[in-house]
Amino acid sequence: MSDKSLLRVLAGEAVSPPPVWLMRQAGRHLPEYREVRARAGSFMALCMDPEAASEVTVQPVRRYGMDAAILFSDILVVPWAMGQELRFVEGEGPRLPPITDRAGLDALDVAGAAAKAAPVMETVRRTRAILGRDHPGVTLIGFAGAPWTVGCYMIEGRGGREFHAARRMMHAEPELFAAILGKLEEATIAYLLAQAEAGAEALMLFDSWAGQLPPSAFRRWVIEPARRIRDAVAAAHPGLPMIGFPRLAGPLLAEYAREAGMQAVAMDTSMDPGWAAANVPEGIALQGNLDPEALVAGGTALEVEARLILQALRGRPHIFNLGHGVEQPTPISHVERLLEIIRAA
């Protein structure tokens, strides 16, 4: 059994107090991150600079004593590595040339993606070495976006909340849609396996837009690809745990937990942790799920909400986290207070 608390929880053990890390913990709320980001010049330049990316990955561990570090990167590295042009517009988010036909699909190069993504693997190696030297109890988490969520950006050409073009293609051009997500699944498996080989100790699959799908499509385009990705990782790296995050899945979270084969499922802000504890199989860990805005607000809201989650999940394998990522205005003192609450539980 590992002596790392997060890996113990992913192995099905209830640990008290629960290990904690926060989605988007390495980000703009930290002054040290903003300094590195300014020097990098662009977000993608930072992601592709192993020295800088490993530095920002470790920053929240150094400042807060988090139990995990998550690789600093982006879910859109995979389509970028396959040859789809990617840029980030300040204040607006990612922009890609939309894939709308077979020609756009055929231009994607899965075989060549490994070479373009090589700097990410160097970041994993560097970070694992730094953690092993300076923070030996901390787990390094690698990640990728799930095919449905990444496919939404690839088809739409930008971020959004409805993803009309992707959903319309799913219904109106099912063969093209299936081919795009199939190629993306293949590339995602290779990308995650490379992270595992480089030293990631756990992997997380982000399906941020899973809640956009009706149940039948959720099963086909969220649960089934997650299961195939999980099976491929398990075949190559037996025992390497995975966390699945089907955001806004609602009651389908329980089915995802039963069928996708993950060692943990992450709960979004809207999920009732008591319901999840009662409906997700006992051996599967739960991660989450404080409202990021409660962390921004601090005070009574933070105290009450954090303790409600801890109470609801007491006795369960639990990784304390947010229901989404840390917001930029979050005061450092509020994160410090949250950690005090958790560690006194």
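So, a few notes on the structure that sits alongside this text. (Residues numbered from 1 in each chain as written. Predicted model: local features only at pLDDT ≥ 70, side-chain atom pairs only at ≥ 80, totals over all residues. Heavy atoms only, no water.)

Points about the packing of aromatic side chains
Here the distance between the centres and the angle between the planes together describe a pair of aromatic rings.
Here is step 1 of the chain: If you walk through the whole model with that rule in mind, you get nine aromatic pairs.
Here is step 2 of the chain: Taken together, a centroid distance of 5.8 Å and an interplanar angle of 65 degrees make the contact between Phe43 and Phe72 edge-to-face. Taken together, the residues Phe43 in helix H3 (residues 43–47) and Phe72 in the loop between strand E1 (68–70) and helix H5 (77–81) connect sequence positions 29 residues apart. In this pair, the class of Phe43 matches that of Phe72, namely buried.
Here is step 3 of the chain: Overall, Phe43 belongs to the buried group, its relative accessible area being 16%. (Phe/Tyr/Trp six-rings, centres within 6.5 Å; stacked < 30°, edge-to-face > 60°. Helix = DSSP H or I, 4+ residues; strand = E, 2+ residues; numbered from the N terminus. Buried < 20%, exposed > 50% of the residue type's maximum accessible area, 1.4 Å probe, protein only.)

Brief notes about helix H13 (residues 252–259)
Here is step 1 of the chain: Of all eight residues in H13, six are buried, a share of seventy percent or more.
Here is step 2 of the chain: Buried residues along H13 sit against helix H12 (215–236), strand E6 (242–246), strand E7 (264–266) and helix H14 (273–279).
Here is step 3 of the chain: Directly after H13, the chain includes Gly261, whose backbone phi takes a positive value near 85 degrees. (Contact = heavy atoms within 4.5 Å.)

A closer look at the sheet that holds strand E8 (residues 285–290)
Here is step 1 of the chain: Spatial ordering of the open sheet is given by E1-E4-E5-E6-E7-E8-E9, a layout of seven strands whose pairing is parallel. At either margin of the open sheet sits one strand with a lone partner, and together these are E1 and strand E9 (318–322). Between one strand axis and the next, the sheet turns through 25 degrees on average, direction left out of account.
Here is step 2 of the chain: Bridge analysis of E1 against strand E4 (residues 139–145) gives three bridges, and the strand direction is parallel. Looking at E4, one finds that Ala69 is bridged to Leu140. (Pairing = 2+ DSSP bridges. Axes fitted to C-alpha atoms, helices over the stretch in contact; angles between N-to-C directions.)

Overview of the pairing of strand E5 (residues 202–207)
Here is step 1 of the chain: Taken across its six residues, E5 has six buried, putting it largely inside the fold.
Here is step 2 of the chain: Burial of E5 is two-sided: the residues Ala202, Met204 and Phe206 facing one way and the residues Leu203, Leu205 and Asp207 facing the other way are all buried.
Here is step 3 of the chain: Where E4 and E5 come together, five bridges link them in parallel fashion. Bridge pairing in E5 places Ile141 opposite Ala202.
Here is step 4 of the chain: Bridge count between E5 and E6: five bridges; the pairing is parallel. Bridge assignment links Leu203 to a residue of E6, and that residue is Met242.

Let's talk about the pairing of E8
Here is step 1 of the chain: Of all six residues in E8, six are buried; the element is thus mostly enclosed.
Here is step 2 of the chain: Relative to E8, E7 is paired through three bridges, and the arrangement is parallel. Paired with Ala264 across the bridge in E8 is Ala285.
Here is step 3 of the chain: Read as a crossover between parallel neighbours, the route from E7 over H14 to E8 is right-handed.
Here is step 4 of the chain: Pairing analysis gives five bridges linking E8 to E9, with the strands arranged parallel. In the sheet register, Gly288 faces E9, and the bridge partner there is Phe320. (Right-handed = clockwise from strand over helix to strand, strands pointing away.)

Comments concerning the packing of helix H9 (residues 147–156) against helix H10 (residues 164–172)
Here is step 1 of the chain: Axis separation between H9 and H10 bottoms out at 8 Å; the angle between their running directions is 105 degrees. With respect to H10, the axis of H9 lies roughly perpendicular. Here H9 contributes Trp148, Cys152, Ile155 and Glu156 to the contact with H10, which in turn contributes His164, Ala165, Ala166, Arg167 and Met169.
Here is step 2 of the chain: Here the residues of the contact of H9 with H10 are counted per class, giving six nonpolar, one polar and two charged. (Parallel < 35°, antiparallel > 145°, perpendicular 65-115°, else oblique. Nonpolar A, V, L, I, M, F, W, Y, C, P; charged D, E, K, R; others polar.)

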